[in-house]
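If you want the building blocks of each chain, they are given just below.
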Amino acid sequence: MTRYLFLKSLLILVLLTGCEKSTPEVNVLIFSKISPIHEAAIEAELLIMTKHRHKINVKLYPSSREKLAVMLSKREGDVFISTHEHLSQLLNKNGLKPLDQLIHSRNDIEDFYPFMTKNQNGERHLYGLPINKHINLFEKNEIPVNEPLVAILPAFSKKQAEGEEILKLFLD
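Residues numbered from 1 in each chain as written. Predicted model: local features only at pLDDT ≥ 70, side-chain atom pairs only at ≥ 80, totals over all residues. Heavy atoms only, no water.

### So, the sheet that holds strand E2 (residues 55–62)
Taking strand neighbours across the sheet as the criterion, the five strands line up as E2-E1-E3-E7-E6 in an open arrangement whose pairing is mixed. Every other strand in the sheet has two partners, leaving E2 and strand E6 (129–131) as the edge strands with one partner each. This sheet shows a mean twist of 25° between the axes of neighbouring strands, independent of strand direction. One ladder, built from three bridges, connects strand E1 (residues 25–32) with strand E3 (residues 79–83); its direction is parallel. Of the residues in E3, the one forming a bridge with Ile30 is Ile81. Sitting on the sheet, helix H2 (residues 39–49) is in contact with E1 and E2, with an inclination near 150° to E2. (Pairing = 2+ DSSP bridges. Helix = DSSP H or I, 4+ residues; strand = E, 2+ residues; numbered from the N terminus. Axes fitted to C-alpha atoms, helices over the stretch in contact; angles between N-to-C directions. Contact = heavy atoms within 4.5 Å.)

Laid out in structure tokens, this is it:
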């Protein structure tokens, strides 16, 4: 009888594991003055904008350098968005994915200079992507953004391509 229950439990476990979605979840963590009541609206809009190719999980946190540092050290997110003030010191550090490929064909490249830093070889790269508070994502959903925001993509993220795709949405 115990053997039967064990085999039945094992079969259920195998079936449940096999039924998991293979779509990776992209965690977008936003540290700002945006109210958490807008979390679902931002998540839904990002899903629409990516045509539901990825499962996206958006978390809104109060603007806090300490909370941002904790979440980065825990490696909890894939895309981090916060104020330039909170992220400016990180732009000089190793561990961020260069975002140059997102802006190569842009005419307004000088707008990105404050977010470019030199790497160990002395080459200039974009590590922080400024987010325009007037982008459709925020305006369409009437989400007030009262401060300039910057997005980074940590090198530890296992969802680099998906994170870049989401960051492209902030460039409209």
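### Here we look at the pattern of salt bridges
On inspection of all chains with the given rule, the structure shows four salt bridges. In this structure, Glu25 and Lys55 form a salt bridge, with 3.4 Å as the shortest nitrogen-oxygen distance. With Glu25 in strand E1 and Lys55 in strand E2, this residue pair connects regions lying 30 residues apart in the sequence. For Lys55, a relative accessible area of 48% corresponds to the partly exposed category. Note that Lys97 is salt-bridged to Glu164, the shortest N-O span being 3.2 Å. Of this pair, Lys97 sits in the loop between helix H4 (84–87) and strand E4 (116–118) while Glu164 sits in helix H6 (residues 160–169), placing them 67 residues apart in sequence. Judged by relative accessible area, which is 24%, Lys97 ranks as partly exposed. (Salt bridge = Lys/Arg side-chain N within 4 Å of Asp/Glu carboxyl O. Buried < 20%, exposed > 50% of the residue type's maximum accessible area, 1.4 Å probe, protein only.)

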